[in-house]
Amino acid sequence: EKGGYPHFMLKEIYEEPQTLRNAITGRIKSKLPHFRELEKMGEDLTKIKGITVLACGTSYHAGLVFQRFVQDYAGIRAEIDVASEFRYRNLPLGEGDVVIAISQSGETADTLEGIRKARQSGAKVVSLTNVVGSTISRESDAVIYINAGPEIGVAATKTYVAQLAVLLLLGASLALNKRNPEVISQLVNEIEGLPTVFESVLASADEQCQRLAREYYQFRHFMYIGRGYSYPSALEGALKLKEISYIHASGYQAGELKHGPIALLDRDFPVFAIIPEDELKAKMLSNIMETRARDAKVVAICSESDREVSRAVNSRIEVPKVSAPLYPLVMSPYLQLFAYHVAVARGYDPDRPRNLAKSVTVE
Ligand code: M6R
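What comes next is a walk through the structure.

Cut-off values and rules
- Residues numbered from 1 in each chain as written.
- Predicted model: local features only at pLDDT ≥ 70, side-chain atom pairs only at ≥ 80, totals over all residues.
- Heavy atoms only, no water.
- Core = buried A, V, L, I, M, F, W, Y, C linked by side-chain atoms within 4.5 Å.
- Buried < 20%, exposed > 50% of the residue type's maximum accessible area, 1.4 Å probe, protein only.
- Contact = heavy atoms within 4.5 Å.
- Helix = DSSP H or I, 4+ residues; strand = E, 2+ residues; numbered from the N terminus.
- Arc of directions from axis to C-beta.
- Pairing = 2+ DSSP bridges.
- Axes fitted to C-alpha atoms, helices over the stretch in contact; angles between N-to-C directions.

## Focus on the nonpolar core
Most often, soluble globular proteins keep nonpolar side chains buried together rather than apart.
Alright, step 1. Within the largest apolar cluster, 93 residues are counted, with the highest numbers of intra-cluster contacts made by Ile51, Tyr224 and Phe338.
Alright, step 2. Apart from residues no more than four positions distant in its own chain, Tyr224 is found in contact with Ala234, Gly237, Ala238, Leu241, Ala249, Ser250, Gly251, Tyr252, Phe272, Leu335 and Phe338.
Alright, step 3. Counting residues in hydrophobic clusters, the runner-up holds 20 residues, among them Met223, Ala254, Ile262 and Val298.

## Considering helix H2 (residues 16-24)
Alright, step 1. Looking at H2, one finds that the buried residues are Glu16, Pro17, Thr19, Leu20, Ala23 and Ile24. One side of H2 holds all its buried residues, which, seen down the axis, span an arc of 160°.
Alright, step 2. Those residues of H2 hidden inside the fold are in contact with helix H1 (8-14), strand S1 (28-29), helix H8 (158-174), helix H9 (181-192), helix H10 (194-216) and helix H14 (327-345).
Alright, step 3. Just beyond H2, the residue with positive phi is Gly26, at close to 85°.

## Considering the sheet that holds strand S10 (residues 271-275)
Alright, step 1. Strand order across the open sheet formed by five strands is S9-S8-S10-S11-S12, with parallel pairing between neighbours. Looking at the sheet topology across the chains shown, the edges are occupied by strand S9 (248-253) and strand S12 (315-319). In this sheet, neighbouring strand axes are inclined to one another by 15° on average, regardless of whether the strands run parallel or antiparallel.
Alright, step 2. Bridge analysis of strand S11 (residues 298-303) against S12 gives five bridges, and the strand direction is parallel. Bridge pairing in S12 links Cys302 to Glu318.
Alright, step 3. Packing of helix H12 (residues 281-292) onto the sheet brings it into contact with strand S8 (221-226), S10 and S11, and relative to S10 it is tilted by some 170°.

## Here's the deal with the sheet that holds strand S4 (residues 78-82)
Alright, step 1. Taken together, five strands build an open sheet; the order of strands is S4-S3-S5-S6-S7 and the sheet is parallel. Each having just a single partner strand, S4 and strand S7 (142-145) make up the two edges of the open sheet. If you compare each strand with its neighbour and ignore which way they point, the axes differ by 20° on average.
Alright, step 2. Where strand S3 (residues 50-55) lies against strand S5 (residues 97-103), six bridges are found, and the strand directions are parallel.

Just distances and angles here, no functional claims.
What follows is the structure, given as C-alpha cells:
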C-alpha cells in the first residue's frame, strides 16, 4: 500500500503534484478564483471587517502565509492565533468578522472549541479541512475541502501543500473587488502551473536532500530562519525536523536573531536559511553573515542561479523562481525531504514519530 516507497511520508511527498491538481480543480472560473462553497455566505464575504485565522501546528503555518497574503493582496486586516491560545483570549469578534479555521483532520479539539467560541460571538466561520463530514466541517458556516486524499504519515506533507494552494486562491478571491482582474488572473495562472513546477522539483529534490541529510544528520541542534513569506517556512521546516528526527530545531524571524537566539550559535549549531529572491533577500544575506561570524554552518534554500547566496553559504539547494507568496509552496518538498532523510539516517521511522498522533482530539 506504500506504492513501492519505503515510507508513507515519502509516498505522500511524491503525490504532491497530483494533490495540487486536485486542490485547484473546480476553484477557477474564467481565469479567476471561484469558491462555490462560499456563495451561500453572500453579503458576509463582501463586507468583511476582518479575518481571524485559527489553527494548530502545520495548519497554523499555512495560516501564517494566508494571513500575510490576505493583508498584502486583498487589503483585509487579518489576525492569527494558535487555537489553544485563541480559546482563552478575549478577542473582540462580532458581525463582519470572518474566522478561517484550518484543520487537516477536522477533529483537532482546540480548533473545534475555537470555532464554537467564535460562532457564539457572532463571527462567521469558514473551515478548511481534508475530511468530509468531520466534526469541524459540521460545525462551520461554510466548508472548503482541500481534497488531498488520505494522509497516513503523521507528519503533514501533501495536506500542507494543498492547504497553501487553496488558501492562496481564497486570498485572491477575496481581492476580487479590490484589484485589477488581470493581476489576479496572472497569479491564478501561476498557481495553476504549480503541479508542473512540483513535478520538476521532485525529479531532483530527493537526491539533493539526501546528500544534505548525510552531511548534517549528526548535529543535535538546528536553527531555521526566514523573513516575510519565508518565516512560516522556517517554522514548518523546524517542526518537520524535530517531530520525526528528534533533533532540536527552532524557527525564527531572521531579524530577531540579534535579540537573543544568535547567542546559541557556534560550529555545532547549523542554520538553515530560507532565502528566496524577494524584497527581503538583502536583509537575509546580512543575517547570514552574522551567523557565519559565529562559525555556524549555513545551508540555504534559495532561488535558482543565485550567485550571491551561493557565495555566502556552506551548502545550498536551489528552487525555481516564483512570485513571493508562492515560495512557501515550492520550499515545502525540500524542507520535508530534508527532515525525512535526516530521520531515516538517524534510524527512525518517519511515519510513526514517538509521542505524536495524527489527529489531536484531546485538549
Ligand atoms: O488536523 P490538524 O490540521 O488540525 O492538525 C494540527 C496539527 O496537529 C498538525 O498540523 C501537526 O502539527 C502535523 N501533523 C505536524 O506534521
